[in-house]
Amino acid sequence: MSDRTGIFAGDDPFAIAREWLAEAEQSEPNDPNAIALATVDASGLPNVRMVLLKEIEPAAFVFYTNYESAKAIELEQAGKAAFVMHWKSLRRQIRVRGTITREAGPQADAYYASRSLKSRLGAWASRQSRPLSSRAALMAEVAKITAAKGPNPPRPPFWGGFRLTPVEIEFWADGAFRLHDRFVWRRADPGESWNIQRLNP
């Protein structure tokens, strides 16, 4: 008999993830959808940074970035990534590992259009991850883009989404005396069924 009860109960890990995120939205002081996204460069050296998770789909996780950034280059070179979403207020975390594909179609267009005008213009102005002489130079580029693109700029061709389709999702919750509760959902390929195991703390 499974002891996956309470916050761990359910047959769909994406539904559980959405429930946990919804709880965090009520308790975290800011950015409950922040994830630490891990990649590796061409030499195998790890890299990690915080990004905002924008959607938990029925079978994947979606975030957005500049396709010419260091993270995007590393994502596409490896085709794999991992992230952790941690909430201090809930004393819980979700760890995810899987394969990466681009989301550069209507879904990316719709998300870009939903952003504030300044954020949309900023996406055009920033040459993400590349050297910058000064903040003044960046703001000058924003002003130039504002004049050129107007009040309804289209999504830049170098900016869009990535979809992480997991082969492993771990749900972790703090336990007394560091005897934490951990359940990992694993599958060899995205199309296969999940194998669920409780792990030692």
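Computed from a prediction, not measured in an experiment: that's the story for all the values here.

(A) Here's a closer look at unusual backbone geometry. The phi dihedral of Asp31 is positive, around 45°, even though this residue is not glycine. When its relative accessible area of 44% is taken as the criterion, Asp31 is described as partly exposed. You will see that Phe177, though not glycine, has its phi angle at about 60°, which is positive. Mapped onto the elements, Phe177 comes out in the loop between strand 6 (159–173) and strand 7 (181–186).

(B) Spatial organisation of the nonpolar core. Phe61, Phe83, Met85, Trp87, Ile94 and Phe171 are the most contacted members of the largest nonpolar core, which totals 32 residues. Residues within four places of Phe83 in sequence aside, it is in contact with Ile35, Ala36, Leu37, Phe61, Ile94, Arg95, Val96 and Leu164. Ranked by size, the runner-up nonpolar core spans 12 residues in total, among them Tyr111, Tyr112, Trp124 and Ile145.

(C) Looking closely at helix 2 (residues 70–78). Among the residues of helix 2, Lys71, Ala72, Glu74 and Leu75 are the ones counted as buried. Projection of helix 2 onto a plane perpendicular to its axis shows the buried side chains occupying an angular sector of 165°, all on one side. Contact partners of the buried residues in helix 2: strand 1 (34–40), strand 2 (46–56), strand 3 (61–66), strand 4 (80–87), strand 5 (92–103) and strand 6. Count one or two residues on from helix 2 and you reach Gly79, which has phi positive near 75°.

(D) The arrangement of helix 1 (residues 13–27) in detail. With 15 residues, helix 1 should reach 21 Å at 1.5 Å per residue; the first-to-last C-alpha distance of 21 Å fits that figure. In this structure, the buried residues of helix 1 make contact with strand 2, strand 3, strand 4, strand 5, strand 6 and strand 7. The backbone nitrogen of Phe14 has a side-chain oxygen 2.9 Å away, supplied by the residue at the start of helix 1, namely Asp12.

(E) Here's a closer look at the pattern of salt bridges. One pass over the full model with this rule turns up 15 salt bridges. Residue Glu74 is joined to Arg49 by a salt bridge in which the shortest nitrogen-to-oxygen separation is 3.3 Å. Residue Glu74 is located in helix 2, and its partner Arg49 is located in strand 2; the two are separated by 25 residues in the primary sequence. In this structure, Glu74 and Arg49 share a single accessibility class: buried.

(F) Here's a closer look at the packing of aromatic side chains. In the structure shown here, the tally under the stated rule is 13 aromatic pairs. For the pair Phe14 and Phe61, a centre-to-centre distance of 5.5 Å together with 45° between the ring planes defines the contact as tilted. With Phe14 in helix 1 and Phe61 in strand 3, the pair connects residues that are 47 residues apart, well separated along the chain. Per residue, the accessibility class of Phe14 equals that of Phe61, and both read buried. Relative to Phe171, the ring of Trp20 lies with its centre 5.3 Å away and its plane at 75°, an arrangement referred to as edge-to-face. Taken together, the residues span a long stretch of sequence, with Trp20 in helix 1 and Phe171 in strand 6 at a distance of 151 residues. Ring pairing ties together the aromatic residues Phe8, Trp20, Phe171 and Phe183, which thus form one cluster. It is Lys149 that lies over the ring of Trp124; its NZ or CZ is 3.8 Å from the centre.

Rules used throughout
Residues numbered from 1 in each chain as written. Predicted model: local features only at pLDDT ≥ 70, side-chain atom pairs only at ≥ 80, totals over all residues. Heavy atoms only, no water. Buried < 20%, exposed > 50% of the residue type's maximum accessible area, 1.4 Å probe, protein only. Helix = DSSP H or I, 4+ residues; strand = E, 2+ residues; numbered from the N terminus. Core = buried A, V, L, I, M, F, W, Y, C linked by side-chain atoms within 4.5 Å. Contact = heavy atoms within 4.5 Å. Arc of directions from axis to C-beta. Expected span 1.5 Å × (residues − 1). Polar contact = N/O pair within 3.5 Å; in protein donor to acceptor, adjacent residues only side chain to side chain. Salt bridge = Lys/Arg side-chain N within 4 Å of Asp/Glu carboxyl O. Phe/Tyr/Trp six-rings, centres within 6.5 Å; stacked < 30°, edge-to-face > 60°. Lys NZ or Arg CZ within 6 Å of the ring centre and 35° of its normal.

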